[in-house]
Amino acid sequence: MKKIVIIFILAIGFISCTADGQTETTNSDLTGKWNWVSTDGGIAANIHKTPASTGNTLQLSLMKNYTYTITQNGAVVTSGKYELVSKKSIYSGEMERFIQFTDTEGEQSQNIVINGIIKIYETNHMSISDNNPDGVGSKFVKAE
């Protein structure tokens, strides 16, 4: 009987744990179309990109069903699924919402950060920071 209780406790503990302390979070405040405003950061803050400096307008669309589309100058460049989890932020030391995209082939060429700590400001401003020392972050403004 003692073995059954121990196995039961271990099973519950195993089921309730997730990798790296990650837990799923909601996307209700993120859904919609987000226009890229800027990307800044890097070692000695050497990265400064905007639609004007790159000649590209980018829009990130996040849907309620956890799918996304990225358009560049009106043409779709990538799409797929995303997930939201809680991860420890290097900025605050607290658990914060982290967005991860499943298909990020064009991430480098698009000049935006799409995997990182995600925050909403004033209901229509969003930032995604890569959660790395000397990291890079992108800012967006809601289109709709």
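Keep in mind that what you see is a predicted model, and the values were worked out from it rather than measured.

## Some thoughts on the nonpolar core
1) Next: By size, the foremost hydrophobic cluster in this structure holds 20 residues, and its most contacted members are Leu60, Leu62, Ile99, Phe101, Met126, Ile128 and Phe140.
2) Next: Elements supplying a minimum of two residues to this core: β1 (32-41), β3 (58-62), β4 (67-72), β5 (75-88), β6 (95-101), β8 (125-129) and β9 (136-142).
3) Next: Counting residues per element, this core draws most heavily on β3, at three residues.
4) Next: Not counting the four nearest positions on each side in its chain, Ile128 is found in contact with Leu60, Ile99, Val113, Ile114, Asn115, Gly116, Ile117, Ile118, Val136, Gly137, Ser138 and Phe140.

## Section: the packing of aromatic side chains
1) Next: According to the stated counting rule, one finds three aromatic pairs in the structure shown.
2) Next: Consider the rings of Tyr68 and Phe101, whose centres lie 4.5 Å apart with planes at 90°: the pair is edge-to-face. Taken together, the residues span a long stretch of sequence, with Tyr68 in strand β4 and Phe101 in strand β6 at a distance of 33 residues. Exposure class is identical for Tyr68 and Phe101. Each is buried.
3) Next: Geometrically, the ring pair formed by Tyr82 and Phe101 is tilted, given 6.0 Å between the ring centres and 35° between the ring planes. With Tyr82 in strand β5 and Phe101 in strand β6, the pair connects residues that are 19 residues apart, well separated along the chain.
4) Next: Residue classification places Tyr82 among the buried positions, given a relative accessible area of 4%.
5) Next: With a relative accessible area of 7%, Phe101 lands in the buried category.
6) Next: In this structure an aromatic cluster arises from ring pairing among Tyr66, Tyr68, Tyr82 and Phe101.

## Some details on the pairing of strand β7 (residues 116-121)
1) Next: Pairing between β6 and β7: two bridges, direction antiparallel. Note on β7: the bridge partner recorded for Phe98 is Ile117.
2) Next: The pairing of β7 with β8 spans five bridges and is antiparallel. Note on β8: the bridge partner recorded for Ile118 is Ile128.
3) Next: Here β7 hands over to β8 after three residues, with Glu122 in that stretch at a positive phi of 50°.

## Overview of the environment of Ala52
1) Next: As for its position among the elements, Ala52 is in helix α2 (residues 51-54).
2) Next: Each C-alpha atom, one on Ala52 and one on Ser38, is 9.4 Å from the other, the two residues being 14 residues apart in sequence.

## Some remarks on the pattern of salt bridges
1) Next: Counting across every chain of the model gives two salt bridges.
2) Next: The residue Asp29 makes a salt bridge to Arg97 at a minimum N-O spacing of 2.8 Å. Linking Asp29 in the loop between α1 (2-16) and β1 with Arg97 in strand β6, this pair joins segments that are 68 residues apart in sequence.
3) Next: On the basis of relative accessibility, which here comes to 29%, the residue Asp29 falls in the partly exposed class.
4) Next: Residue Arg97 is classed as buried on the basis of its relative accessible area, which comes to 18%.

## Focus on the pairing of β8
1) Next: Taken together, the five bridges between β8 and β9 define a ladder with antiparallel strand orientation. Each residue of the ladder has a partner; that of Met126, found in β9, is Phe140.
2) Next: Hairpin connection from β8 to β9: six residues lie between these consecutive antiparallel strands, with Asn131 at a positive phi of about 65°.

## Here we look at the confidence of the model for the chain
Atomic detail in the predicted coordinates should be set aside for any region of low pLDDT.
1) Next: Predicted confidence across the chain gives a mean pLDDT of 82, with 76% of residues reaching 70 or more.
2) Next: Across residues 13-23, confidence stays below pLDDT 50; counting only partners more than four residues off in sequence or on other chains, it has 10 contacts.

Criteria and cut-off values
- Residues numbered from 1 in each chain as written.
- Predicted model: local features only at pLDDT ≥ 70, side-chain atom pairs only at ≥ 80, totals over all residues.
- Heavy atoms only, no water.
- Core = buried A, V, L, I, M, F, W, Y, C linked by side-chain atoms within 4.5 Å.
- Buried < 20%, exposed > 50% of the residue type's maximum accessible area, 1.4 Å probe, protein only.
- Helix = DSSP H or I, 4+ residues; strand = E, 2+ residues; numbered from the N terminus.
- Contact = heavy atoms within 4.5 Å.
- Phe/Tyr/Trp six-rings, centres within 6.5 Å; stacked < 30°, edge-to-face > 60°.
- Pairing = 2+ DSSP bridges.
- Salt bridge = Lys/Arg side-chain N within 4 Å of Asp/Glu carboxyl O.
- pLDDT = per-residue confidence, 0-100.

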